[in-house]
Amino acid sequence: MKFLLDDEQAEFGRTLDRMLTAADTPAAVRAWGDGDTGRGRALWARIAEAGVFALAVPEAQDGMGLLPVELAVSFVELGRHAVPGPLVESVAAGVLLGGLAERGDTAAADAWLPRIASGQAMVSLALAEGGPYALDADAADVTFVVTGADAPGTAELRTTAGHGPVQPSLDPARRLARPLPGTGATLAISPAVEAAATAAADWAAFATAAQTLGVGLALVERTVAYAKQRTQFSTTIGAFQAVKHRLADALIGLEFARPLVHGAAVALSGKSADAGAEIAAAKVAAGEAAYAAARTALQLHGAIGYTAEYDLSLWIRKARALRSAWGTPSACRARVLAGPVAPSPGVSPATGPAQVP
Amino acid sequence: MDLDFTTEDDAFRAEARDWLAAHVPARPLPSLETSEGFAAHRAWERTLSTGRWSAVSWPVEQGGRGASILHWLIFEEEYYAAGAPGRVSQNGINLLAPTLFEHGSPEQRARILPAMASGEVIWAQAWSEPESGSDLASLRSTAVRVAGGWLLNGQKAWSSRAAFADRAFGLFRSDPGADRPHRGLTYLMFPLDAKGVTVRPVGRLDGKPAFAELFLDDVFVPDEDVIGEPGRGWQVAMSTAGNERGLTLRSPGRFTAAAEKLTALWRDEADPADTALRDRVADAVIRSRAYRLFTYANASRIAAGASIGAESSLNKVFWSELDISLHETALDLLGPRGELSDEAGEAPADGSWADGYTFSLAGPIYAGTNEIQRDIIAERLLGLPKGRRS
């Protein structure tokens, strides 16, 4: 048992952090929200070069296999830097196509996965679990949809030929549109589609949880920096106990969401049958913690935090949007209680007080 | 990164589980905050030590098993899953013993630890004073040098277990002229039945004498009962405080077991349409899981050679609030029956939810209030400037 990032994993996170810090991500986020995807695409290429999109693509299709711990590390950094684009959706699409390949249907995987892994293809994805909209369908090279999963074995994986009008999100950097029905090419119809889509939705929720954790960490980091330099009543506001305690609570929420995100990664590594409940737990904890961090960040920044031109807004808005993306808090809580959640290793949930004759 | 246990870990777990299955009392013991319950829990400590399970992380020479921190966590998981009694020796085993291992003499360890492990001597904590709680550096009880030892005078408050315990440990001001309030303190141990000691039990919220006030009037303590160097009691005590807030006081096994019990209660009792209550149950499960994994991460860091410092304050705030919300949710689930005290014959689960609720309310207050913990988190982990607290 070693529930700790190894040196290589930790260094991977630091490398991404350095790269994204140098890339002036906020400028890319703002441009993305305005529909100018050039800077975002350039950033995407660098993230791909660092290997992020290969982390959920099988080796047979030029990926690195499924590496959920590394994926969690990278999505925390993507969230910390508020990177725009269908990051979660591209990874989940990789899992979906990889899942089909694993079940013998390699055509779509061979066509798309090498491009996803290399960052050439920016992919959006619409699944029932994720709601009616596809994220950034207007910017993506392709949007996959799974339809017709109402009866067993009839699920169909298609590409869409287009999308409806962009529906602005509370987070301007998230551009939502409904995929056009009945268009595009059919890639697969088989019982495997349904299973692969379910796995893809799990990975989407997992990556979103990690991204959300990163958003929360950035909110606390930025607010701590602000509280150290902002002066009121002739003193640094960070010296006030009321300020300290709000930030301490925000940190506690995040530091206890982190092990759940890592725990979900371990569950996915082991292909645990109960990974879904662990992902749901991580999603709830990260979502609540990041949202609490956003409220704290706004309160402690005061009016400046309430302006769109100040970069803090990029994270504040994302924290709210991600809370419901790929699994609402309510749905996740229901899932946590639906199955035997995370019994202690070797401890049967049925274990009760021992009886002595 | 993994959560895999070795076959050796599994064997240790199985041994603990089997032993507990054979020895845990079928019926819960009476509350350890009563005279009768205290005696029953003392007997249970004896039983535990007979199986060498009372202090698994101690060296074998002192009655332990030399268990690693991971094995200690495994044992605790099994302990709470088995529904075993609360630990009346907790103050000694979790707070005094680590201090003795770090600062005590070999003679002190040999004299004190085996009797602690067997439950023969139960220890009370005597740190707080009427004017000195979280601000421990302000304490005023004195220790004055005399031939062969020290004379203690003053008053201690809120001494856990002191109503029934045998001995106590605490800090005393031995150099009133020291230039800083936390200098000139000495860490001493004394018998609660010594000449000059008056014990006044104080009822906690539910009236049970869970702690006591101690009045000390020229109580003689021999040199052999000073821990560490005289005058350096603050440094000695701080290593104990870290233990109290950190890993040892509230093991995740306790919350994992409580969350499982709560989930079972929800399945049995709750209206499935009450999603607000369902969400609270889910949160208790999620947070107990988070606490367990957080602890595993810390255990892994410790095993890799790191030490846990201010991070223990994150722990303390989290578990104390989790403990309350677990019990509040259970009482709400029970509806009108949730009001029954643990002394009520019809109290659900033999009163364990009601008793646990009362106990949980103290969590944010003791072991350094949560306000102090949040200051530590803000200053040492987030790097915010110090406030007026010196």
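Right above here is the structure, for reference.
Residues numbered from 1 in each chain as written. Chains lettered and ligands numbered in written order. Predicted model: local features only at pLDDT ≥ 70, side-chain atom pairs only at ≥ 80, totals over all residues. Heavy atoms only, no water.

Novice: Sorry, what's going on with the overall build of chain B here?
Specialist: Within chain B one finds eleven helices and eight strands. On C-alpha atoms alone, chain B measures out to a radius of gyration of 21 Å, which is about the 21 Å that the 2.2 N^0.38 rule sets for 390 residues. Expressed as lengths along the three principal axes of its C-alpha atoms, the size of chain B is roughly 70 × 45 × 45 Å. Of all intrachain contacts in chain B linking residues separated by at least 6 positions in sequence, the fraction that spans at least 24 positions is 72%. For chain B, the exposed area adds up to about 15,600 Å²; of that, 52% sits on carbon and sulfur atoms. (Helix = DSSP H or I, 4+ residues; strand = E, 2+ residues; numbered from the N terminus. Rg over C-alpha atoms; globule rule 2.2 N^0.38 Å. Contact = heavy atoms within 4.5 Å. Areas by Shrake-Rupley, 256 points an atom, 1.4 Å probe, with all protein chains shown as cover.)

Novice: I would appreciate a short explanation of the sheet that holds strand 7 (residues 167-168) of chain A in the present structure.
Specialist: The strands making up a sheet associate through hydrogen bonds between their backbones, and the pairing can be parallel or antiparallel. Residue and element names in this part refer to chain A. Spatially, 4-8-7 is the arrangement adopted by the three strands of the open sheet, whose pairing is antiparallel. Bordering the open sheet on either side are strand 4 (134-135) and strand 7, each of which pairs with just one other strand. Relative to strand 8 (residues 175-177), strand 4 runs antiparallel, the two sharing two bridges. Counted as the bridge partner of alanine 134 is alanine 177 from strand 8. (Pairing = 2+ DSSP bridges.)

Novice: Please explain the packing of helix 11 (residues 329-338) of chain A against helix 8 (residues 275-303) of chain B as it appears in this structure.
Specialist: Helix-helix packing: each pair is described by the crossing angle between the helix axes and the interaxial distance. The geometry of helix 11 of chain A relative to helix 8 of chain B is characterised by a closest axis approach of 9 Å and an angle of 65° between their N-to-C directions. Looking at the two axes, helix 11 of chain A sits roughly perpendicular to helix 8 of chain B. Where helix 11 of chain A crosses over helix 8 of chain B, the handedness of that crossing is left-handed. Contact with helix 11 of chain A, carried on its side by Ser330, Arg333, Ala334, Val336 and Leu337 of chain A, involves Arg278, Asp279, Val281, Ala282, Asp283, Val285 and Ile286 of chain B of helix 8 of chain B and no other residues of that element. Taken together, the residues of the contact of helix 11 of chain A with helix 8 of chain B sort by class into seven nonpolar, one polar and four charged. (Axes fitted to C-alpha atoms, helices over the stretch in contact; angles between N-to-C directions. Parallel < 35°, antiparallel > 145°, perpendicular 65-115°, else oblique. Left-handed = near helix turned anticlockwise from the far one by under 90°. Nonpolar A, V, L, I, M, F, W, Y, C, P; charged D, E, K, R; others polar.)

Novice: Got a minute to help me understand the environment of valine 88 of chain A in this structure?
Specialist: Position of valine 88 of chain A relative to the elements: it lies in helix 5 (residues 87-102). When sequence neighbours within four positions are dropped, the list of residues in contact with valine 88 of chain A reads Phe75, Ala204, Ala207, Thr208, Gln211 and Trp326 of chain A.

Novice: What's the story with the packing of helix 9 (residues 275-301) of chain A against helix 11 of chain A in this structure? I'm lost.
Specialist: Residue and element names in this part refer to chain A. Taken N-terminus to C-terminus, the directions of helix 9 and helix 11 make an angle of 140°; their axes are 8 Å apart at the nearest point. Classed by the angle they form, the pair helix 9 and helix 11 counts as oblique. Both helix 9 and helix 11 take part in a crossing whose hand is left-handed. Taking contact as the criterion, the partners of Gly276, Ala277, Ala280, Ala281, Lys283, Val284 and Glu288 in helix 9 are, on helix 11, Pro329, Cys332, Arg333, Arg335 and Val336. Grouping the constituent residues of the contact of helix 9 with helix 11 by class yields seven nonpolar, one polar and four charged.

Novice: Mind showing me how you'd approach the pattern of salt bridges here?
Specialist: Where charged atoms from two side chains of opposite charge approach closely, those side chains can pair. One pass over the full model with this rule turns up 48 salt bridges over all chains. Residue arginine 258 of chain A pairs with glutamate 255 of chain A through a salt bridge whose shortest N-O separation is 3.0 Å. Of the two residues, arginine 258 of chain A and glutamate 255 of chain A both sit in helix 8 (residues 241-269), three residues apart, roughly one turn of that helix. A residue is classified by how much of its surface remains accessible, and arginine 258 of chain A, at 28% relative accessible area, is partly exposed. Between arginine 145 of chain B and aspartate 223 of chain B there is a salt bridge whose closest N-O contact spans 3.0 Å. One end of the pair, arginine 145 of chain B, is in strand 2 (residues 142-146); the other, aspartate 223 of chain B, is in the loop between strand 7 (211-222) and strand 8 (226-227), with 78 residues separating them in the sequence. Judged by its relative accessible area of 33%, aspartate 223 of chain B falls in the partly exposed class. (Salt bridge = Lys/Arg side-chain N within 4 Å of Asp/Glu carboxyl O. Buried < 20%, exposed > 50% of the residue type's maximum accessible area, 1.4 Å probe, protein only.)

Novice: Quick question: what am I supposed to make of the sheet that holds strand 3 (residues 123-126) of chain A here?
Specialist: All names here are of chain A. Read from one edge of the open sheet, four strands run 3-5-6-9, paired in mixed fashion. Every interior strand has two partners, whereas the edge strands, strand 3 and strand 9 (186-189), have only one. The mean angle between the axes of side-by-side strands here comes to 15°, regardless of whether they run parallel or antiparallel. When strand 3 meets strand 5 (residues 142-147), the two strands line up parallel, connected through four bridges.

Novice: Please explain the interface of chain A and chain B as it appears in this structure.
Specialist: You'll often see interface size given as the accessible area lost when the parts meet. Counting residues at the interface gives 55 residues for chain A, matched by 60 residues for chain B. Summed over both partners, the interface of chain A with chain B buries about 4,800 Å², with 68% contributed by carbon and sulfur atoms. Across the chain A-chain B interface, the total number found is four salt bridges. Two residues, aspartate 249 of chain A and arginine 374 of chain B, come together in a salt bridge whose shortest N-O distance is 2.7 Å. Every element with two or more residues in the side of chain A that touches chain B is listed here: helix 7 (191-229), helix 8, helix 9 and helix 11 of chain A. Per element, the largest residue contribution to the side of chain A that touches chain B is 15 residues, and it comes from helix 8 of chain A. When the residues that make up the side of chain A that touches chain B are grouped by side-chain class, the tally is 33 nonpolar, 15 polar and seven charged. (Buried area = accessible area lost by both parts, 1.4 Å probe.)

Novice: Explanation requested: helix 2 (residues 35-50) of chain B in the structure shown.
Specialist: Given 3.6 residues per turn, any residue in an α-helix points the same way as the ones three and four places further on. All names here are of chain B. Here helix 2 contains 16 residues, and its C-alpha end-to-end distance of 23 Å stays within 8% of the 22 Å for a straight helix at 1.5 Å per residue. Within helix 2 the residues assigned to the buried category are Gly37, Phe38, His41, Trp44, Glu45, Leu48 and Ser49. For helix 2, the arc enclosing every buried residue in end-on projection is 135°, short of the 170-degree limit, so these residues lie on one face. Among the exposed residues of helix 2, those oriented more than 90 degrees off its buried face are Ser35, Glu36 and Thr50. The inward-facing, buried residues of helix 2 abut helix 1 (7-23), helix 3 (69-81), helix 4 (90-103) and helix 5 (106-117). (Expected span 1.5 Å × (residues − 1). Arc of directions from axis to C-beta.)

Novice: When you look at the side chain of serine 132 of chain B in this model, what are you seeing that I'm missing?
Specialist: Residue and element names in this part refer to chain B. Along the chain, the position of serine 132 falls in the loop between strand 1 (123-126) and strand 2. The class for serine 132 is buried, based on a relative accessible area of 1%. At a separation of 3.4 Å, a polar atom in the side chain of serine 132 contacts the side chain of serine 138. Among the polar contacts made by the side chain of serine 132, one reaches the main-chain amide nitrogen of leucine 139 at a distance of 3.4 Å. (Polar contact = N/O pair within 3.5 Å; in protein donor to acceptor, adjacent residues only side chain to side chain.)

Novice: Where do I start with the environment of proline 222 of chain B in this structure?
Specialist: Residue and element names in this part refer to chain B. Take proline 222: it is sitting in strand 7. Sequence-wise, proline 222 and arginine 337 are 115 residues apart; in three dimensions their C-alpha atoms are separated by 52 Å. Those residues in contact with proline 222 that lie beyond four places of it in its chain are Gly148 and Gly149.

Novice: Looking at this model, I keep getting lost on empty space enclosed by the protein. Mind explaining?
Specialist: Residues and elements named next belong to chain A. Per the stated rule, a full pass over the model turns up four cavities of 30 Å³ or more. Here the largest cavity defines a volume of roughly 90 Å³. Taken together, 15 residues form the lining of the largest cavity, with Gly85, Leu135, Arg174, Gln211 and Leu322 sitting closest to its centre. Secondary structure elements with two or more residues in the lining of the largest cavity: helix 5, helix 7 and helix 10 (312-324). No other element matches the three residues that helix 5 contributes to the lining of the largest cavity. Taken together, the residues that form the lining of the largest cavity break down as nine nonpolar, three polar and three charged. (1 Å grid on protein atoms, 1.4 Å probe; cavity = no way out; pocket = protein on both sides within 12 Å on 5 of 7 lines; lining within 4 Å. Points joined across faces, edges and corners; volume = space filled by probe spheres on them.)

Novice: It is not clear to me how the side chain of asparagine 370 of chain B should be interpreted in this structure. Could you clarify?
Specialist: All names here are of chain B. Position of asparagine 370 relative to the elements: it lies in helix 11 (residues 370-381). Residue asparagine 370 is classed as buried on the basis of its relative accessible area, which comes to 2%. Among the polar contacts listed, one links the side chain of asparagine 370 to the side chain of serine 320, at a separation of 2.9 Å. Here asparagine 370 is in contact with Lys316, Val317, Ser320, Glu321, Gly363 and Pro364, once residues within four sequence places are set aside.

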